[in-house]
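If you want the building blocks of each chain, they are given just below.
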Amino acid sequence: MNKNLRKAVIAGNWKMNKTATQAAQLIDELIPAVKDAGCEVVICTPFTSLVTALEKTKGTNIHVGAENVHFEASGAYTGEISADMLVDLGVEYVITGHSERRQYFAETDETVNKRTLAALNAGLKVIVCVGENLTQREQGVTEELVRMQTKIALQGVTAEQMANLIIAYEPVWAIGTGRTATADQAQEVCAAIRKVLAELYGQAVADATTIQYGGSMNAKNCEELVSKPDVDGGLIGGAALKAGDFATIVAAASK
Ligand code: PEP
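Draft legend 1. Region of the structure containing the site of the ligand. Taken together, 14 residues form the shell around the ligand, and within it K15, E170, G176, S216 and G237 come nearest. Here an oxygen atom of the ligand and a side-chain polar atom of N13 are 3.0 Å apart. A distance of 2.6 Å separates an oxygen atom of the ligand from a polar atom in the backbone of G176. Summarising the interface, the protein chains cover 96% of the accessible area of the ligand, which totals 290 Å² for the free molecule. Looking at side-chain class alone, the shell around the ligand contains four nonpolar, eight polar and two charged residues.

Draft legend 2. Region of the structure containing the pairing of strand β2 (residues 40–45). Of all six residues that make up β2, six are buried, and the element is covered over most of its length. Along β2, one buried face is formed by E40, V42 and C44 and the opposite face, lined by V41, I43 and T45, is buried too. Sheet topology note: the strand β1 (residues 9–13)/β2 ladder contains five bridges and is parallel. Within the sheet, the bridge partner assigned to G12 lies in β2 and is I43. Of the crossover connections in this fold, the one passing from β1 over helix α1 (residues 20–34) to the parallel β2 is right-handed. For β2 and strand β3 (residues 62–66), the ladder comprises five bridges, and the chain directions are parallel.

Conventions used here
- Numbering of residues begins from 1 in every chain and follows the order in which that chain's sequence is written.
- Only residues with pLDDT of at least 70 get local features here, since the model is predicted, and only at 80 or more are side-chain atom pairs given and counted; chain-wide, interface and lining totals rely on the full set of residues.
- To get the side-chain values, take all heavy atoms of the structure and skip hydrogens and water.
- Proximity is defined per residue: any heavy atom of the residue falling within 4 Å of a molecule or strand makes that residue near it.
- Any pair of N or O atoms that falls within 3.5 Å is considered a polar contact. Within protein, one atom must be able to donate a hydrogen and the other to accept it, and sequence-neighbouring residues count only if both atoms are side-chain atoms.
- For accessible areas, the Shrake-Rupley method is used with a probe of radius 1.4 Å. Any residue's cover is judged against the shown protein chains and nothing else.
- Amino acids are sorted into nonpolar (Ala, Val, Leu, Ile, Met, Phe, Trp, Tyr, Cys and Pro), charged (Asp, Glu, Lys and Arg) and polar (every other residue, Gly among them).
- We call a residue buried when its accessible area falls under 20% of the maximum for its residue type, exposed when it is over 50%, and partly exposed in between, using a 1.4 Å probe and counting protein chains only.
- A run of H or I in DSSP counts as a helix once it spans at least four residues, and a run of E counts as a strand once it spans at least two, with each numbered from the N terminus.
- At least two bridges found by DSSP between two strands are what make those strands a pair.
- The path from the first strand over the helix to the second decides the hand: if it runs clockwise while the strands point away from the viewer, the crossover is right-handed.

Right under this line is the structure:
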């Protein structure tokens, strides 16, 4: 397995944290801290901080993403944001299918697929999240579940569009809990996801696709996780809010 076939991506998911003013302060700290990164660096901020993030990061190596996108192009969807609205601002990335969206906002594999397609068709790069909860892990269905989530999320996505798609394997029991999957557990599931991609699109596309791990990745455990052959970086929640910790993770993924 040759990791040089794809790029490592460290993406921060800021969740519902930071006002635009606070975001500006954090980005001021991040810019010098990650300027020598040897991997792709992305910050996914709340919608209200996107304009600030785009202005602040202009001319830097930090890419900006949103945390969600609606699947319709426009219309009577109060409170929602379309892919074209994000593209028009200059946003490059978006997360779909985060487990918090699935858990608290009733998102399903089908709506994750619709959001993913809308984003890709508008020209956004998409980080699609999949992952099992604790019960499912204990029931021994992790691989089947993640295979199913991946296959449904990718329905209608073309092989060409896969160049703009990242999968983030995020075991729900490890998100925001301080409980991380072991590097071997992360590797096992990321490899299983790559196998599904090979079945769907062929080995070349599977080898070229970035597959991240996410779930309490931090400055201490990042090195071992990102050293695994099928773990191409990470989606980072809590540790993305501290410039020093985020920079340490970026440095680990740059090796
Ligand atoms: C996430 O929000 O995607 C995440 C992985 O969060 P945390 O790193 O805080 O577990």
